[in-house]
Amino acid sequence: MVYISNAQDASKLVAAKGGGEADDDAAAVVLDLWQQPKIPAPFVWPRADVALPASSPPTGELDVPVVDLAAALRDAAGMRRAVAQVAAACTSHGFFQVSGHGVPPSLARAALDGAAGFFRLPPAAKQRARRAPGTVTGYTAAHADRFVSNLPWKETLSFGHSHANAASNNSSVADYFSTLGDDFKHLGEVYQEYCEAMEEVTKAIMAVLGESLGVGGGYYREFFEDSSSIMRCNYYPPCPEPERTLGTGPHCDPSALTVLLQDGDVDGLQVLVAGAWRPVRPLPGAFVVNIGDTFMALTNGRYKSCLHRAVVHQEQERRSLAFFLCPREDRVVRPPAGAGERRLYPDFTWADFMRFTQRQYRADTRTLDAFARWLRPPACSGAAPAAGPPTTATQAATV
Ligand SMILES: C=C1C[C@]23C[C@H]1CC[C@H]2[C@]1(C)CCC[C@@](C)(C(=O)O)[C@H]1[C@@H]3C(=O)O
Ligand SMILES: O=C(O)CCC(=O)C(=O)O
Ligand SMILES: [Fe+2]
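Residues numbered from 1 in each chain as written. Chains lettered and ligands numbered in written order. Predicted model: local features only at pLDDT ≥ 70, side-chain atom pairs only at ≥ 80, totals over all residues.

Attention now moves to the site of ligand 1. If you check the shell around ligand 1, you find 16 residues, and the closest are His251, Asp253, Pro254, Thr357 and Ala363. Elements with a minimum of two residues in the shell around ligand 1: strand 5 (228-236), strand 6 (248-251) and helix 12 (350-360). For the shell around ligand 1, the element with the highest residue contribution is strand 6, accounting for 3 residues. The residue makeup of the shell around ligand 1, split by class, is 7 nonpolar, 6 polar and 3 charged. (Near = placed C-beta within 6 Å. Helix = DSSP H or I, 4+ residues; strand = E, 2+ residues; numbered from the N terminus. Nonpolar A, V, L, I, M, F, W, Y, C, P; charged D, E, K, R; others polar.)

Written out as structure tokens, the structure is:
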């Protein structure tokens, strides 16, 4: 997979549209391509990614446990039940749902409506938030500013939320939206409040995870106390040929923990379990939570960062809000002593891992292993040391 490092490569998308003037705005090209009755070649994914594995029996929705966070923090019995639920989930498919999270339904609704309003804006307005190359921040349509094939059928808006200690008057999200102009000010207020609520939810989840791993409720809460998280709004438009493309391709989240809010009852999230893609039905009022690569490394592989994807629909649009909890950028990701003699992953910082996914490697089903090889190239038997970071056969470094 070759990254396209600037809009000039959007001309490859124009080729898919059948010629015409190269447009230096990949997003505008994508939004135009999406009006066609058949999906253009760059959006067609390999059958292996899209089709249900033929061998998998029809297994239906994944039954993920619903963890009551309020009960877990209220009494020992509630914590015991939560610990048992997350331990079972995180040592298998890595997914569970949380209730008793304390997020007002009105705030969740406002955040979803805010995303709906943003993605309905005219292309020129959305382009004011265009993603800065090499970063995760900003608006993209199908990541057409980065990739030229296996394009996801989605638009995204991503921004950071640095959770300095509680004493500081953190306004990182509101500040970001204020740079986009006065008409985005309200969005900034909604997402500043939403991200702060997400931080509180992740603190409660980290307390349960710490207890379940035997390091105590405070261990991970302290580790993530000054987190540098990412908020991502996903918009999946209706698609004329949903069976040939994907909204988000098969991947594990490189971050530590994901708290996902699905909009209404439009399903889309699927988790790979025992060779079958299992839908996770949106539970009204609950958030879907999954372990990411960074937390899997923190537990030396004991808790699993699992493969998941998002499918799209012919008639229905879908939105989801993903809050990716990430450690402070310079904090070293290393499992606690006693987490297993043989280390599965080298020490790393989130800053390095994040840069790897934004500049070197498209996050997919093997990101953490590719990153570990990039950090520690396998010793070559007498061959000259590899010049620069190795890349996988299917990916080339950013040009
Ligand atoms: C660190 C990150 C990179 C991605 C956003 C966060 C966590 C999830 C990653 C992603 C969604 C995994 C699938 C591929 C990806 C390119 C996407 O479809 O958006 C990934 C995100 C990204 O690199 O922007
Ligand atoms: O939209 C979804 O349901 C999943 C999105 C996702 O996995 C992601 O953005 O990392
Ligand atoms: Fe994900």
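The subject of this paragraph is the pairing of strand 10 (residues 287-291). Within strand 10, 5 of the 5 residues are buried, which leaves the element mostly enclosed by the surrounding structure. The alternating pattern of strand 10 places Phe287, Val289 and Ile291 and Val288 and Asn290 on opposite faces, both of which are buried. The sheet contact formed by strand 2 (residues 95-99) and strand 10 spans 4 bridges and is antiparallel. Pairing of Phe95 across the sheet is with Asn290, part of strand 10. Looking at chain direction, strand 7 (residues 257-262) and strand 10 are connected through 4 bridges and run antiparallel. Of the residues in strand 10, the one forming a bridge with Val259 is Val289. (Buried ≥ 20, exposed ≤ 12 C-beta atoms within 10 Å, placed from the backbone. Pairing = 2+ DSSP bridges.)

A separate point is the nonpolar core. If you look at the biggest cluster of nonpolar residues, it comprises 103 residues, and the most contacted ones within it are Ile205, Val208 and Phe323. Looking at which element gives the most residues to this core, the answer is helix 9 (residues 185-212), with 13 residues. Among residues more than four places away in sequence, those in contact with Phe323 are Cys195, Met198, Ser229, Met231, Thr258 and Val259. (Core = buried A, V, L, I, M, F, W, Y, C linked by C-beta atoms within 7 Å. Contact = placed C-beta atoms within 7 Å.)

Around ligand 2, the surrounding shell consists of Arg232, Asn234, Thr248, Asp253, Leu260, Gln262, Gly268, Leu269, His308, Ala310, Ser320 and Ala322. Within the shell around ligand 2, the residues separate by chemical class into 4 nonpolar, 6 polar and 2 charged.

Looking now at the sheet that holds strand 8 (residues 269-273). Spatially, 4 strands are ordered 6-11-8-9 in an open sheet, and the strand pairing comes out antiparallel. Pairing within the sheet leaves two strands with one partner each, and these edge strands are strand 6 and strand 9 (276-279). Going across the sheet, the axis of each strand differs from the next one's by a mean of 25 degrees, ignoring polarity. When strand 8 meets strand 9, the two strands line up antiparallel, connected through 4 bridges. If you follow Val273 over to strand 9, its bridge partner there is Ala276. (Axes fitted to C-alpha atoms, helices over the stretch in contact; angles between N-to-C directions.)

Take the UniProt feature "domain: Fe2OG dioxygenase" (unreviewed entry) in the protein chain next. Mapped onto this numbering, the UniProt entry annotates "domain: Fe2OG dioxygenase" (unreviewed entry) at residues 226-327. Along residues 226-327 one finds 6% helix and 43% strand; the C-alpha atoms at either end are 7 Å apart. (UniProt positions renumbered as here; feature names shortened; annotations may be inferred.)

Strand-to-strand pairing in sheets goes through backbone hydrogen bonds, with the strands running parallel or antiparallel. Across the sheet, which stays open at both edges, the 8 strands sit in the order 1-2-10-7-12-5-4-3 with mixed pairing between neighbours. The sheet terminates laterally at strand 1 (66-68) and strand 3 (138-141), the two strands that pair on one side only. Between one strand and the next, the sheet's axes are offset by a mean angle of 25 degrees, whatever the strand orientation. Two strands pair when backbone bridges link them, and strand 1 and strand 2 are joined in this way by 3 bridges, in the parallel orientation. Its bridge partner lying in strand 2, Val67 is registered against Val98. Lying on the sheet, helix 5 (residues 76-90) is in contact with strand 1, strand 2 and strand 10; it crosses strand 1 at an angle near 150 degrees.

Tracing the backbone shows Pro254 in the loop between strand 6 and strand 7. Given 22 C-beta atoms within a 10 Å radius, Pro254 is considered buried. When the C-alpha atoms of Pro254 and Arg366 are compared, they prove to be 9.8 Å apart, with 112 residues separating the residues in sequence. With residues near it in sequence (within four places) discarded, Pro254 still touches Gly292, Asp293, Thr294, Phe353, Thr357, Ala363 and Thr367.

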